[in-house]
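Residues per chain, in single letters:
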Amino acid sequence: MKNEILKLKSEKNAIILAHYYQRSEVQEVADFIGDSLELAKRAKETDAETIIFCGVTFMAETAKILSPNKKVYHPAAGAGCSMADMADGDMVRSLKRKHPKAQVVCYVNSTAEVKAESHICCTSSNAVDVVKSMSSDEIIFVPDRNLGAYVATQVPEKSFILWDGHCYVHGLLQASTIDKVKAAHPDAEIIAHPECTPEVLAKADFAGSTSKMLRYVKESNKKEFVVLTERGIEFV
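Remember, it's a predicted structure, so these values are computed and weren't measured experimentally. (Residues numbered from 1 in each chain as written. Predicted model: local features only at pLDDT ≥ 70, side-chain atom pairs only at ≥ 80, totals over all residues. Heavy atoms only, no water.)

## A few points about the overall build of the protein
Alright, step 1. Looking only at helices and strands, one finds 12 helices and 11 strands in the protein.
Alright, step 2. On C-alpha atoms alone, the protein measures out to a radius of gyration of 19 Å, which is about the 18 Å that the 2.2 N^0.38 rule sets for 236 residues.
Alright, step 3. The dimensions of the protein, computed from C-alpha atoms along their principal axes, are 55 × 50 × 30 Å.
Alright, step 4. In the protein, buried positions account for 46% of the 236 residues.
Alright, step 5. Considering only intrachain contacts with a sequence separation of at least 6, the fraction spanning at least 24 residues in the protein is 53%.
Alright, step 6. Total accessible area on the protein stands at roughly 12,300 Å², and carbon and sulfur atoms take up 51% of it.
Alright, step 7. The average position of the 29 basic charges and that of the 32 acidic charges among the side chains of the protein differ by 2 Å. (Helix = DSSP H or I, 4+ residues; strand = E, 2+ residues; numbered from the N terminus. Rg over C-alpha atoms; globule rule 2.2 N^0.38 Å. Buried < 20%, exposed > 50% of the residue type's maximum accessible area, 1.4 Å probe, protein only. Contact = heavy atoms within 4.5 Å. Areas by Shrake-Rupley, 256 points an atom, 1.4 Å probe, with all protein chains shown as cover. Lys, Arg positive; Asp, Glu negative; His and termini not counted. Charge placed at Lys NZ, Arg CZ, Asp CG, Glu CD.)

## Structural notes on the environment of Phe141
Alright, step 1. Tracing the backbone shows Phe141 in strand β7 (residues 138-142).
Alright, step 2. On the basis of relative accessibility, which here comes to 0%, the residue Phe141 falls in the buried class.
Alright, step 3. In sequence terms Phe141 and Val105 are 36 residues apart; their C-alpha atoms lie 5.0 Å from each other.
Alright, step 4. Setting aside anything within four residues of it in sequence, one finds Phe141 in contact with Val105, Tyr107, Cys122, Val131, Leu147, Gly148, Val151, Ile161, Leu162 and Trp163.

## Comments concerning the sheet that holds strand β2 (residues 32-34)
Alright, step 1. Taken in spatial order, the 4 strands line up as β2-β1-β3-β4 in an open sheet, and their pairing is parallel. On the outer flanks of this sheet lie β2 and β4 (71-73), each paired with one strand and no other. Taken pair by pair, the neighbouring strands of this sheet meet at an average axis angle of 20°, ignoring direction.
Alright, step 2. Sheet topology note: the strand β1 (residues 14-19)/β2 ladder contains 3 bridges and is parallel. The residue bridging His19 from the neighbouring strand is Gly34, located in β2. (Pairing = 2+ DSSP bridges. Axes fitted to C-alpha atoms, helices over the stretch in contact; angles between N-to-C directions.)

## Some thoughts on the pairing of strand β11 (residues 225-228)
Alright, step 1. Every second residue of β11 is oriented toward a common face, the buried set being Val226 and Leu228 and the non-buried set Phe225 and Val227.
Alright, step 2. Across 4 bridges, strand β9 (residues 189-192) lies against β11 in parallel orientation. Bridging across to β11, Ile190 finds its partner in Val226.

## A word on the sheet that holds strand β10 (residues 206-207)
Alright, step 1. The 3 strands are arranged β10-β9-β11 in an open sheet whose pairing can be described as parallel. Strand pairing shows two members of the sheet lacking a second neighbour, β10 and β11, which therefore form its edges.
Alright, step 2. Docked against the sheet, helix α12 (residues 210-219) engages β9, β10 and β11, running at close to 160° with respect to β9.

## As for the confidence of the model for the protein
Low-confidence regions, as indicated by low pLDDT, have predicted coordinates that should not be scrutinised in detail.
Alright, step 1. For the protein, mean pLDDT is 91; residues scoring 70 or higher make up 98% of the total.
Alright, step 2. At the low end of the mean pLDDT range in the protein sits helix α9 (residues 168-171), at 75; at the high end sits β7, at 98. (pLDDT = per-residue confidence, 0-100.)

## With respect to the side chain of Ser136
Alright, step 1. With respect to the helices and strands, the residue Ser136 is situated in the loop between α7 (127-133) and β7.
Alright, step 2. Given the relative accessible area of 11%, Ser136 is considered buried.
Alright, step 3. Separated by 3.0 Å, the side chain of Ser136 and the backbone oxygen of Lys101 make a polar contact. (Polar contact = N/O pair within 3.5 Å; in protein donor to acceptor, adjacent residues only side chain to side chain.)

## Focus: helix α3 (residues 36-45)
Alright, step 1. Ser36, Leu39, Ala40 and Ala43 are the residues of α3 that are buried. Looking straight down α3, one finds its buried side chains confined to an arc of 100°; they lie on one side. (Arc of directions from axis to C-beta.)

Below is the structure:
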């Protein structure tokens, strides 16, 4: 099957993009592995006419936004993101009317419709810097309340209106579980994605985006890590 996929890629002038969270067999046939925005940017830079995006719907939408003249295919049409689906354009417009002086910072993990209603889009890597760059002191942060809460701790000079969205996978991680893991692995460093709850992030030695976690592990002198995010990162 792998050989057939490689043959078809060549015939169709296509590339396969796989998110860090994909299974190992998907990552093995991908041309690029990365986070959602990084992959969309990689696709734009290539000469490929066709993009196969192995991820959730908003990632394929982002790739199409950056490469409007390319064909973008999403292999699993029903692969949505629960967090992204917790906000839509009407909801954001309503919140903007209630807070006319606020600026909307939208996490890239959102639908194209929500992005269109926002003043600026950010990633988990640059969210803090993006919020600091905004001219308003009042920020509407959509759709992830946990990432927004983390950013709020880093930018205390601004006030935040946090959308009540969240990633259900990161929400499964509990602070009490982290205590048990720490007891079982006392020499391990705890690294967490900022989509985790504030209670879990408080237990972590480091919090950062997927790419930042990977960089942290490479640069750390530690030999053992507890990684608080989706399991696909273990294949990278």
